[in-house]
Amino acid sequence: MAINLRGRSFLTLKDFTSREIAYLLDLSMDLKRKKRAGIKGDLLENKNVALIFEKSSTRTRCAFTVACIDEGAHPEFLGKNDIHLGKKEDVQDTARVLGRMFDGIQFRGFSQDLVEALAKHSGVPVWNGLTDAYHPTQILADFLTIQEAFGKLKGLKLVYIGDGRNNMANSLMIGAAKVGMHCTIAAPESLFPEASLVEEVRAIAAETGAKIVLESDPKKAVKDADAIYTDVWASMGEEDKVADRIALLTPYQVNSELMSATGNSETIFLHCLPANKGQEVTEEVFESSRSLVFDEAENRLHTIKAVMVATLGK
Ligand code: CP
Ligand code: NVA
């Protein structure tokens, strides 16, 4: 059956099948080729898109903005001090107003419940541009980058190392389980992902053949890794936890020694960015030929465009 995502929101990868994820990655590749060929599109012509940002952003904001303009839509940036959302007006009312004026809404902020409420009450597609719980558009860019490097996703071993409870760890586990990629979360036990999420993800993985492993020994975790992924040790909103996290996560830094511990000279390095070089990754690994972080950052544009075109486009 043909895939049709028209009218769907993109809130977590849990809501998407592996075929739908593969479809979004194929569409991303088509849109990337089109962009590289300098072809201007009209797939989002006459659409108005609201971009709500409670938290700051470089890649996500720019990717949504440029993707809209490339395909003929109008993006409207709404920063945290620009609208009443959650302060003078409850989410249901803001959602209903925005849904009357805009054709799609991107939300980046703290609460997953809030982005879900926006989707429920606005009546238009809502795209999650990062919450405390998940960062699903990032995963599409990560997987496109991995697919470009290895020609496949299924059966590869991805190791995420660092804060195993954050939005990136959660979303990578979900995405990997969906596409049949093995995923190891390397973290101290106190930062292992929520047991309920691990259970949910393992149930998905049982259908695709992915192995989901939690490991506190970093060297053991990275053995035979195809991709090593890390993220900041304290996410946006956790500024008070920086000192604790440095103490806990210093043994989990991605450095040349850890890259060598894979036993695989082809292992790639990924990071959603922004990076805190000298903490979760050394400058040496970040700048090495194994680091694909800027391809990954560029792929935010093509994958976010694919999400908007698939759910809202012609
Ligand atoms: N990776 C990512 O989401 O980057 P920004 O915070 O710059 O949007
Ligand atoms: N975990 C990070 C991801 C940034 C893209 C954060 O939430 O700040």
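Here goes a summary of the coordinates provided. Here the structure is a predicted model, which is why all the values come from computation and not from measurement.

This part is about the packing of aromatic side chains. For the structure shown, the criterion picks out five aromatic pairs. Here Phe 53 and Phe 77 contribute two aromatic rings whose centre-to-centre distance is 5.6 Å and whose plane-to-plane angle is 25 degrees, an arrangement assigned as stacked. Of this pair, Phe 53 sits in strand E1 (residues 48–53) while Phe 77 sits in strand E2 (residues 74–79), placing them 24 residues apart in sequence. Classification of Phe 77 by relative accessible area gives partly exposed; the value is 31%. Seen from their ring centres, Tyr 160 and Tyr 229 are 6.2 Å apart, and the 40 degrees between their planes marks the pair as tilted. Taken together, the residues span a long stretch of sequence, with Tyr 160 in strand E5 (residues 157–161) and Tyr 229 in strand E8 (residues 227–230) at a distance of 69 residues. Comparing Tyr 160 with Tyr 229 shows no difference in burial state: the two are buried. For Lys 55, the ring lying beneath its charged end belongs to Phe 110, and the centroid distance is 4.5 Å.

This part takes up the site of ligand 2. Surrounding ligand 2, one finds Leu 130, His 135, Asn 166, Asn 167, Asp 231, Val 232, Ser 235, Met 236 and Leu 273. Here a nitrogen atom of ligand 2 sits 2.8 Å away from a polar atom, N or O, in the side chain of Asn 167. Contact distances for ligand 2 include 2.8 Å between an oxygen atom and a backbone N or O atom of Met 236. Here ligand 2, which alone exposes 270 Å², has 95% of that area covered by the protein. Because more than half of its atoms lie within 2 Å of the grid, ligand 2 is assigned to the largest pocket. In terms of residue class, the shell around ligand 2 is made up of four nonpolar, four polar and one charged.

Once that is clear, we can look at the layout of surface pockets. Volume-wise, the largest pocket comes out at about 620 Å³. In terms of lining residues, the largest pocket is bounded by 34 residues, among which Asp 231, Val 232, Ala 234, Ser 235 and Met 236 are the most central. Those elements giving two or more residues to the lining of the largest pocket turn out to be helix H2 (59–70), helix H6 (167–179) and helix H9 (242–249). If one sorts the elements of the lining of the largest pocket by residue count, H9 sits on top with three residues. In this structure, the second largest pocket occupies an estimated 180 Å³ of space. Together, Lys 14, Ala 133, Tyr 134, Arg 165, Asn 170, Glu 194, Ser 196, Leu 197 and Glu 200 line the second largest pocket. The greatest single-element share of the lining of the second largest pocket, amounting to three residues, is contributed by helix H7 (residues 195–208).

Around ligand 1 lies a shell formed by Ser 57, Thr 58, Arg 59, Thr 60, Arg 108, His 135, Gln 138, Cys 272, Leu 273 and Arg 300. Within the backbone of Thr 58, a nitrogen or oxygen atom sits 2.7 Å from an oxygen atom of ligand 1. With respect to ligand 1, the backbone of Leu 273 contributes an N or O atom lying 2.9 Å from a nitrogen atom. For ligand 1, whose accessible area on its own is 260 Å², the fraction buried by protein is 96%. Class assignment for the residues of the shell around ligand 1 results in two nonpolar, five polar and three charged.

A few words now on the pairing of strand E6 (residues 182–186). Here E6 lies mainly inside the structure; five of its five residues are buried. Residues His 182, Thr 184 and Ala 186 line one face of E6 and the alternating positions Cys 183 and Ile 185 line the opposite face, and both faces are buried. Relative to E6, E5 runs parallel, the two sharing five bridges. Paired with Lys 157 across the strands is His 182, a residue of E6. For the handedness criterion, the β-α-β arrangement of E6, H7 and strand E7 (residues 212–215) is classed as right-handed.

Here the focus is the sheet that holds E1. Judged by pairing direction, the sheet is parallel, and its four strands sit side by side in the order E2-E1-E3-E4 without closing on themselves. Strands at the two margins of the open sheet, each flanked by one partner only, are E2 and strand E4 (126–128). The mean angle between the axes of side-by-side strands here comes to 20 degrees, regardless of whether they run parallel or antiparallel. Strand direction decides the pairing type here: E1 and E2, joined by six bridges, are parallel. Paired with Ile 52 across the bridge in E2 is Leu 78.

What counts, and at which threshold
Residues numbered from 1 in each chain as written. Chains lettered and ligands numbered in written order. Predicted model: local features only at pLDDT ≥ 70, side-chain atom pairs only at ≥ 80, totals over all residues. Heavy atoms only, no water. Phe/Tyr/Trp six-rings, centres within 6.5 Å; stacked < 30°, edge-to-face > 60°. Helix = DSSP H or I, 4+ residues; strand = E, 2+ residues; numbered from the N terminus. Buried < 20%, exposed > 50% of the residue type's maximum accessible area, 1.4 Å probe, protein only. Lys NZ or Arg CZ within 6 Å of the ring centre and 35° of its normal. Near = heavy atom within 4 Å. Polar contact = N/O pair within 3.5 Å; in protein donor to acceptor, adjacent residues only side chain to side chain. Areas by Shrake-Rupley, 256 points an atom, 1.4 Å probe, with all protein chains shown as cover. 1 Å grid on protein atoms, 1.4 Å probe; cavity = no way out; pocket = protein on both sides within 12 Å on 5 of 7 lines; lining within 4 Å. Sits in = over half its atoms within 2 Å of the grid points. Nonpolar A, V, L, I, M, F, W, Y, C, P; charged D, E, K, R; others polar. Points joined across faces, edges and corners; volume = space filled by probe spheres on them. Pairing = 2+ DSSP bridges. Right-handed = clockwise from strand over helix to strand, strands pointing away. Axes fitted to C-alpha atoms, helices over the stretch in contact; angles between N-to-C directions.

Take it as geometry only, folks, not as evidence of what the structure does.
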